[in-house]
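Inside the fold
Each chain is listed here by its residues.
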Amino acid sequence: MVCRSPFGRRRRRRRRPPGSANAFSVKAMAPRLQLEKAAWRWAETVRPEEVSQEHIETAYRIWLEPCIRGVCRRNCRGNPNCLVGIGEHVWLGEIDENSFHNIDDPNCERRKKNSFVGLTNLGATCYVNTFLQVWFLNLELRQALYLCPSTCSDYTMGDGVRGGKDYEPQTICEHLQYLFALLQNSNRRYIDPSGFVKALGLDTGQQQDAQEFSKLFMSLLEDTLSKQKNPDVRNIVQQQFCGEYAYVTVCNQCGRESKLLSKFYELELNIQGHKQLTDCISEFLKEEKLEGDNRYFCENCQSKQNATRKIRLLSLPCTLNLQLMRFVFDRQTGHKKKLNAYIGFSESLDMEPYVEHKGGSFVYELSAVLIHRGVSAYSGHYIAHVKDPQSGEWYKFNDEDIEKMEGKKLQLGIEEDLAEPSKSQTRKPKCGKGTHCSRNAYMLVYRLQTREKNHTMVQVPAFLQELVDRDNLKFEEWCVEMAEMRRQSVDKGKAKHEEVKELYQRLPAGAEPYEFVSLEWLQKWLDESTPTKPIDNHACLCSHAKLHPDKIPIMKRISEYAADIFYSRYGGGPRLTVKALCKDCVVERCRVLRLKNQLNEDYKTVNNLLKAAMKGDDGFWVGKSSLRSWRQLALEQLDEQDGEAEQSNGKINGTPFNKDESKEEKKEEEDELNFNEDILCPHGGLSISENERRLVSQEAWNKLRQYFPKAPEFPSYKECCSQCKILEREGEENEALHKMIANEQKTSLPNLFQDKNRPCLSNWPEDTDCLYIVSHFFLDEWRKFVRKPTRSTPVSSIGNAALLCPHGGLMFTFPSLTKEDSKLCQPLERREGGWPTAAHNNIALIWPSEWQMIQKLFVVDKVIKITRIAVGDAGPSEVQYISEPKLCPDCREGLLCQQQRDLREYTQATIYVHKVVDNKKSNGGTKRQKTSQQGYVAYQKQVIRRSTRHRKVRGEKALLVSANQTLKELKIQIMHAFSVAPFDQNLSIDGKILNDDCATLGTLGVIPESVILLKADEPIADYAAMDDVMQVCMPEEGFKGTGLLGH
């Protein structure tokens, strides 16, 4: 007899069986599920014991048609013969050499010819970079710094720089020398100024005020150079940047003129309300009248007189720095803001009309424009437009990137467009020839115009040039190293290209000997970005150490020739040849599939048998719950094998499955009851609950048994578990005993159970001189038992020792017990190695008559009693209260300290913020309304009364806080919760105003469960950007702690 393929014709005599081709040719591009069904369709007619080799090969999809490139758009996961779309397209055809590496051309890091060197932005140091570039292009300043003596001469030797040791500048002047030398002669496209920034102690992650930095650094540089002997070096800052003006006050009565001379390094010009630079200068020099309360005391008249005051420019420097005051303090919001108004300025500025002494030339030409891009005063980016003094060309310095302007003209248009605010769309004014308009320029640098062009050639000193040459040598070595790495990557890529082109053509197996390799490994082999690892097929093996048929969607069938090359070059295993096809798994899967197909018919049959009347008493006990869900249980059990395979095999050539997750899933499965286990008692016998089971016929049980061969079997004659019967009888007896005990205790202590007629220490009862104390925890447990004796365990003892200290002393004073009510006094839990700590339960007071009964009903470890004693013979008696045991002073003091410490050292505790809403209508329109603090505090005292258990009310939100966080940080949380800016928040707690933003919540008395009242001021109409708000929330320290303030 010739065994036929399930698709028709005989297979062995042809390379590709026509039967299988007919079955799969239409579905070669079919979805994975359709291919899955087609591979196992034969199981509908073939019994497990009849499975042959043809069926096994069909299940493993050996003879599926391979896909053709160009027709198949993506890889067919269900077809092991589809080798299209696995990453081969990258390698087939011609490939650009640059695709073989991810290393940029090192020449891109090389300085371009006739260009300047950039500076690296270390995070938020763009403001430093702009000024460094401006100062570098001041040739006189650069020349003077080069003349400054340096310790670098100690570092250099006669024949060059010392080897093996990097140069580290020691002073600010040396840092500037080295930076300027690198900016002048470095081969790099940009250099790293981290040494200079570190020497100044600047925070690279925090953007600072650029104008303040300029002032402070110039002051530091002048102070540093003042110690130099060479006058050209010592006076360079004054010669280049220092001018002089006088504050002149003239008495209107006698005409006496008073002068106060002052030097300046920049003119700070107000731009608010102005459109032109000349208007700003005129306002700076404008005459001011001193009248009324602001009158001037004239020494000549010896009395206060009306006067005029103005500034007179006496001399101007070579380099005139004009600071445009764009960043101003806003009194309404309480923080800085940026003025984004356009200011017009010309490339040529004649200062002669503004100078007192008219002799000489005062025509200046624009040499630099410093730009702040951004709407906010607390964020943005700094760039500089600087004119090369030698060529007259303009350059834009943007950290590492430097751009040359076309036609030797200054161009600001791009910066203005990028900084366009979202709210105001002010049109840019028209500018004439030689003039410019900017709303982002914050500093203008003008140089005194000279008739002769500046042809000064600043030479780098020899010792600095040696350092630059050494850095250039390092850079060239790095370029060579990067180029070599690129070359090696290209050579490796070319070799891989040839390998892929050769092997990919030999990958298809056809009818020749074949092996299986995971799709993931093939994809990684074709991915040049990751190194190819050894082949690992362990994850796709079944329990029989062969290829699992369910792993076929992630496997590919390749030729034995290609497999030999792969294993020889990359290693790994085990090799999955034709012998790896697992017959046992195919047979088991066939059985499962047939049972699934048969399940629907068997479900109907079992239902009909359950409805039919039982003949006789012979049958089997089955759980009602199992009968209701047996079909679903059967499906899950049949699918269990697939699920276990997925879990056990994990990922192919990747990370294995998570063991912890697998353990959790197994634990969940163990917790779920299998079929008929719902009538299984804990001892493995038949449950005594007859309501949870029913009797089914032999025929119905046989059907169910096919799906659940391991289910517990209980014939109708099977007796219930004897141990469960004994326990049931004992349980009934215990319940009766518990009811009797509970009833007796309830009758003996009715008022204690119902919490009626309880004593109170704050109002001591007249008819008794002593009271007893027990833990409220005992009362809760005892009342729980009395209410439901069958569900709770009887309370047999009272543990009062937990209320005492380690020495057996009492932890409460009488005043603390009488505060508000005895129930508010908190008991103690024993803390290991020390005194107890406060717990959430309360103590309870007991009448003497009740105490007598309690001693009969319960075991008391420690008696705690408070006795009232009258003191004095005549007149009204004074009363004293004595406790047994006595107070332990040391532990009491320690407890109080611990309680205070706990309240001040909490982390992640909950507090509540209640927003107070003022319903009264304001007549002030949009004017800012400040809170009346007295009325606010009075309102707080009456608005909320704290209770033991907090209940949130409308307008209240819970926040998680820690004791060590500041009030400022809390205000930020409140801002996010209520959308109220920190400067609009008025906070108080228990009538106390919270206004110290630097104080911690612990020191302010904010403890867990506190309620803070929030009264919000009305916001102003033009609310600032949220970025401003966030920056204001953080303390602004400027250059505090840096080297700029150290001199």
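Residues numbered from 1 in each chain as written. Predicted model: local features only at pLDDT ≥ 70, side-chain atom pairs only at ≥ 80, totals over all residues. Heavy atoms only, no water.

Per an unreviewed UniProt entry, the recorded name for the protein chain is Ubiquitin carboxyl-terminal hydrolase 48, and the organism is Cricetulus griseus. Word for word, the UniProt comment on the protein chain under Subunit (unreviewed entry) is "Interacts with TRAF2 and RELA. Interacts with GPS1." Word for word, the UniProt comment on the protein chain under Catalytic activity (unreviewed entry) is "Thiol-dependent hydrolysis of ester, thioester, amide, peptide and isopeptide bonds formed by the C-terminal Gly of ubiquitin (a 76-residue protein attached to proteins as an intracellular targeting signal)." (UniProt positions renumbered as here; feature names shortened; annotations may be inferred.)

**Describing the environment of Asp 166**
Following the sequence through the fold, Asp 166 ends up in the loop between strand 3 (160–161) and helix 7 (172–185). You can call Asp 166 partly exposed: its relative accessible area is 47%. For the pair Asp 166 and Leu 467, spaced 301 residues apart in the sequence, the C-alpha separation amounts to 9.2 Å. (Helix = DSSP H or I, 4+ residues; strand = E, 2+ residues; numbered from the N terminus. Buried < 20%, exposed > 50% of the residue type's maximum accessible area, 1.4 Å probe, protein only.)

**What to know about helix 5 (residues 139–147)**
Among the residues of helix 5, Leu 139, Leu 141, Arg 142, Ala 144, Leu 145 and Tyr 146 are the ones counted as buried. Tucked inside the fold, the buried residues of helix 5 contact helix 4 (126–136), helix 7, helix 9 (210–225), helix 10 (231–234), helix 11 (236–241) and helix 14 (462–506). (Contact = heavy atoms within 4.5 Å.)

**Comments concerning the environment of Val 696**
Locating Val 696 in the fold gives a position in strand 28 (residues 693–696). Overall, Val 696 belongs to the buried group, its relative accessible area being 1%. Each C-alpha atom of the pair Val 696 and Met 614 lies 7.5 Å from the other, and the pair is 82 residues apart in sequence. In this structure Val 696 touches Leu 610, Met 614, Gly 619, Phe 620, Val 622, Leu 627 and Trp 701, once residues within four positions along its chain are discounted.

**Considerations on the sheet that holds strand 39 (residues 985–989)**
With mixed pairing, five strands are arranged side by side in an open sheet as 38-37-41-39-40. Only two strands of the sheet have a single neighbouring strand rather than two, namely strand 38 (956–961) and strand 40 (992–994). Adjacent strand axes in the sheet meet at a mean angle of 35° when their direction is disregarded. In terms of strand pairing, strand 39 meets strand 41 (residues 1011–1016) through four bridges, oriented antiparallel. Paired with Leu 987 across the two strands is Leu 1014, which belongs to strand 41. (Pairing = 2+ DSSP bridges. Axes fitted to C-alpha atoms, helices over the stretch in contact; angles between N-to-C directions.)

**Digging into the sheet that holds strand 8 (residues 288–290)**
The antiparallel open sheet is built from four strands, whose spatial order is 6-5-11-8. Where the open sheet ends on each side, the last strands, each with one partner, are strand 6 (257–264) and strand 8. For this sheet, the mean inter-axis angle between neighbouring strands, taken without regard to orientation, is 25°.

**Here we look at the packing of aromatic side chains**
Tallied over the entire structure, the rule returns 30 aromatic pairs. Both rings, one in Phe 196 and one in Phe 217, keep their centres 5.6 Å apart while their planes meet at 70°; by these two values the pair is edge-to-face. Taken together, the positions of Phe 196 in helix 8 (residues 194–200) and Phe 217 in helix 9 put the pair 21 residues apart, joining distant regions of the chain. The same class applies to Phe 196 and to Phe 217, which are both buried. Relative to Phe 566, the ring of Trp 525 has its centre 4.8 Å away and its plane inclined at 75°; by these criteria the two rings are edge-to-face. Here Phe 566 lies in helix 16 (residues 560–570) and Trp 525 lies in helix 15 (residues 519–526), a separation of 41 residues in the sequence. By relative accessible area, Phe 566 is classed as buried at 0%. Of the aromatic side chains, those joined through ring pairs into one cluster are Tyr 127, Phe 131, Trp 135, Phe 196, Phe 213, Phe 217, Tyr 382 and Tyr 442. Looking at Arg 557, its charged tip hangs above the ring of Tyr 514, at a distance of 4.8 Å from the centre. (Phe/Tyr/Trp six-rings, centres within 6.5 Å; stacked < 30°, edge-to-face > 60°. Lys NZ or Arg CZ within 6 Å of the ring centre and 35° of its normal.)

**Considering empty space enclosed by the protein**
In this structure the tally under the stated criterion is two cavities of 30 Å³ or more. Taken as a whole, the second largest cavity holds about 30 Å³ of empty space. Counting residues per element, the ones that place at least two in the lining of the second largest cavity are helix 4 and strand 19 (394–398). When residues in the lining of the second largest cavity are grouped by element, the largest group, three residues, is from helix 4. When the residues that make up the lining of the second largest cavity are grouped by side-chain class, the tally is one nonpolar, four polar and one charged. (1 Å grid on protein atoms, 1.4 Å probe; cavity = no way out; pocket = protein on both sides within 12 Å on 5 of 7 lines; lining within 4 Å. Points joined across faces, edges and corners; volume = space filled by probe spheres on them. Nonpolar A, V, L, I, M, F, W, Y, C, P; charged D, E, K, R; others polar.)

**Observations concerning the nonpolar core**
Counting residues in hydrophobic clusters, the biggest one holds 64 residues, and the most contacted among them are Phe 196, Phe 213 and Phe 217. With residues up to four places along the chain from it excluded, the contact list for Phe 217 reads Trp 135, Ile 172, Leu 176, Phe 196, Leu 200 and Leu 1044. In this structure, Leu 349, Trp 394, Leu 412 and Tyr 446 belong to the second largest nonpolar core, which totals 37 residues. (Core = buried A, V, L, I, M, F, W, Y, C linked by side-chain atoms within 4.5 Å.)

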